[in-house]
Every structure is written in structure tokens, then in C-alpha cells.
Amino acid sequence: MPQGSLYILSAPSGAGKTSLVHALRERDHRIGFSVSHTTRAIRPGEKPEIDYHFVDRPAFQTMVDRGEFLEHARVFDNNYGTARSEVESRLAKGLDVVLDIDWQGARQVRERMPESVSIFIVPPSRAALEMRLRDRGQDSETVIARRMRDAVAEISHYREYDYLVVNDDFDTALGELHAIFQAQRLRRDVQIRRHADLLAGLIA
């Protein structure tokens, strides 16, 4: 079975990345999602082992010490990490795998897996981003202000990515995101792996 491709998706909090990833997976069942480990508390509506692997800090540090993470970072006073084994097993099954990580984690993954495809998602404006954060109804004014400051720092790294998607209209952004996956699958090297027998027979 041909190896799947690894995709990195990054965005500031509130840019709509999580919603886009869920919609993308519903549209395209060849896309798998790597569930990250985190030390933060579970939020209302989240499901353990589906949204995140929720672990305490000693357990997370043990995984770090054993070198089990493909990438890991500290964000908003909590730790997040992507288990290498989970990613590699999904890729080996021929699935395309999406990593929902920040720019710090993206740098680590690109160093270890340079063939990965990176995509950055931005909101149409600062005002739209702040409105989306407020509409969640989950954060205090202090947290929202901090997230807005961190968003500016996150967005400043967009030049490090292969693709840039502006999430102004959700359906348009979803279509553009899916087009990136489709184009990647049609690359010559990917098609050669997938259709080796066909190509060999055509030129025999």
C-alpha cells in the first residue's frame, strides 16, 4: 500500500482551523487525524482519546524523556505533543495524516520529516478573530487579550509554510484546503508509488 502524506496545519486560536479539519475529514475519508497528547484540562464537549489524549505532566515528561514525540511544545501554560508511533502507523496504512500544531511544533516536524506539507490558516482580520474568540463564550477578557497577543506572534510565522489559506468564507476556505490535498496526491512521485504496476505495464 502506498505511503500516506503528512500535513501540518497551523493557525492562531480562533481562526477556524479545528472546524475546517473536521469538515475536511467528513468530505475526504482518506484523511486521518493524529490525536495529540496534552496536559491541559478537558473542555466542555471534548472527548478523551478523540479530541486529545489527556495526560498529567509527569506522564507527558516521561514520553518526552523516552523520545516518543515527533514534536512537543508548551502553549498557554500547557504541554502538547504528537506521538511519533501514531503518525507513522497511520501513514503506513496509506492514510494522509493531519497534524494540528503551532509554529513551534511545525518547525520540529519539518526538521524530522522534511517531506511534510505545511499549511497556515489566517482569519480575514483582527476584528473577525476577536469576534470569533468572544463568540466561544469560554474565555475571560484577560484570556482573550492574551490570545489576541499570541495570535499576532503566531501569524508572524506564516512565511515558513508551503500554503496560506484565508478563512473568510468557510466553504471557500474548505474548498481551497481540500484542493491542496488533491494536488499533493497528483504529484508525480506520489502517483509513481501508487500506480507503479500500471506505469510499468504501459511502457513495457
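Conventions we followed
Residues numbered from 1 in each chain as written. Predicted model: local features only at pLDDT ≥ 70, side-chain atom pairs only at ≥ 80, totals over all residues. Heavy atoms only, no water. Helix = DSSP H or I, 4+ residues; strand = E, 2+ residues; numbered from the N terminus. Rg over C-alpha atoms; globule rule 2.2 N^0.38 Å. Buried < 20%, exposed > 50% of the residue type's maximum accessible area, 1.4 Å probe, protein only. Contact = heavy atoms within 4.5 Å. Areas by Shrake-Rupley, 256 points an atom, 1.4 Å probe, with all protein chains shown as cover. Pairing = 2+ DSSP bridges. Axes fitted to C-alpha atoms, helices over the stretch in contact; angles between N-to-C directions. Core = buried A, V, L, I, M, F, W, Y, C linked by side-chain atoms within 4.5 Å. Salt bridge = Lys/Arg side-chain N within 4 Å of Asp/Glu carboxyl O. Polar contact = N/O pair within 3.5 Å; in protein donor to acceptor, adjacent residues only side chain to side chain.

Chemist: Mind showing me how you'd approach the overall build of the chain here?
Modeler: In terms of regular secondary structure, the chain is built from nine helices and nine strands. Over its C-alpha atoms the chain spans a radius of gyration of 18 Å, differing by no more than 12% from the 17 Å that the globule rule assigns to 204 residues. Structurally, the chain occupies a C-alpha span of about 70 × 40 × 30 Å along its principal axes. Going through the 204 residues of the chain one by one, you find that 43% of them count as buried. Long-range pairs, those at least 24 residues apart, make up 68% of the contacts in the chain with a sequence separation of at least 6. Roughly 11,200 Å² of accessible area belongs to the chain as shown, and the carbon and sulfur atoms make up 52% of that amount.

Chemist: Which parts of the structure should I look at to understand the sheet that holds strand β9 (residues 163–166)?
Modeler: Backbone-to-backbone hydrogen bonds join strands into a sheet, with any given pair of strands oriented parallel or antiparallel. Reading across the sheet, the five strands line up as β2-β7-β1-β8-β9 and stay open at both edges, with parallel pairing between neighbours. On the outer flanks of this sheet lie β2 (31–33) and β9, each paired with one strand and no other. Taking each pair of neighbouring strands and ignoring which way they run, the sheet shows an average axis angle of 30°. Here helix α1 (residues 17–27) sits on the sheet in contact with β1 (6–10), β2, β7 (96–100) and β8 (117–122), set at roughly 135° to β2. Lying on the sheet, helix α4 (residues 103–112) is in contact with β1, β7 and β8; it crosses β1 at an angle near 160°.

Chemist: Sorry if this is basic, but what is going on with the nonpolar core here?
Modeler: Soluble globular proteins tend to pack their nonpolar side chains together in the buried interior. In terms of nonpolar packing, the biggest core is built from 20 residues, with L9, V98, I119, L177 and F181 touching the most fellow members. Residue assignment for this core shows that the elements contributing at least two residues are β1, α1, β2, β8 and α7 (170–185). The element best represented in this core is α7, accounting for five residues. The next biggest cluster of nonpolar side chains, apart from the first, holds 14 residues, and it includes V97, M113, F120 and Y161.

Chemist: Can you help me understand the pattern of salt bridges in this one?
Modeler: For side chains bearing opposite charge, pairing can occur when the charged atoms are close. On inspection of all chains with the given rule, the structure shows 15 salt bridges. Measuring nitrogen to oxygen at the nearest pair gives 3.3 Å for the salt bridge that ties D77 to R146. Of the two residues, D77 is situated in the loop between β5 (69–75) and β6 (78–83) and R146 in helix α6 (residues 141–155); the sequence distance between them amounts to 69 residues. The class for D77 is partly exposed, based on a relative accessible area of 45%.

Chemist: Quick question: what am I supposed to make of the pairing of β7 here?
Modeler: As a general feature of sheets, a regular strand has side chains that alternate between the two faces. Most of β7 sits out of view: five of its five residues are buried. Here β7 shows a buried face lined by D96, V98 and D100 and a second buried face lined by V97 and L99. Here β1 runs beside β7; their pairing, made up of four bridges, is parallel. When the sheet's bridge partners are listed, L9 is paired in β7 with D100.

Chemist: I tried to follow the side chain of T39 on my own but got confused; where do I start?
Modeler: Mapping T39 onto the fold places it in the loop between β3 (37–38) and β4 (53–54). A distance of 2.8 Å separates a polar side-chain atom of T39 from the backbone nitrogen of N79. The residues touching T39, leaving out its near neighbours within four places in the chain, are V55, D56, R57, F60, N78 and N79.

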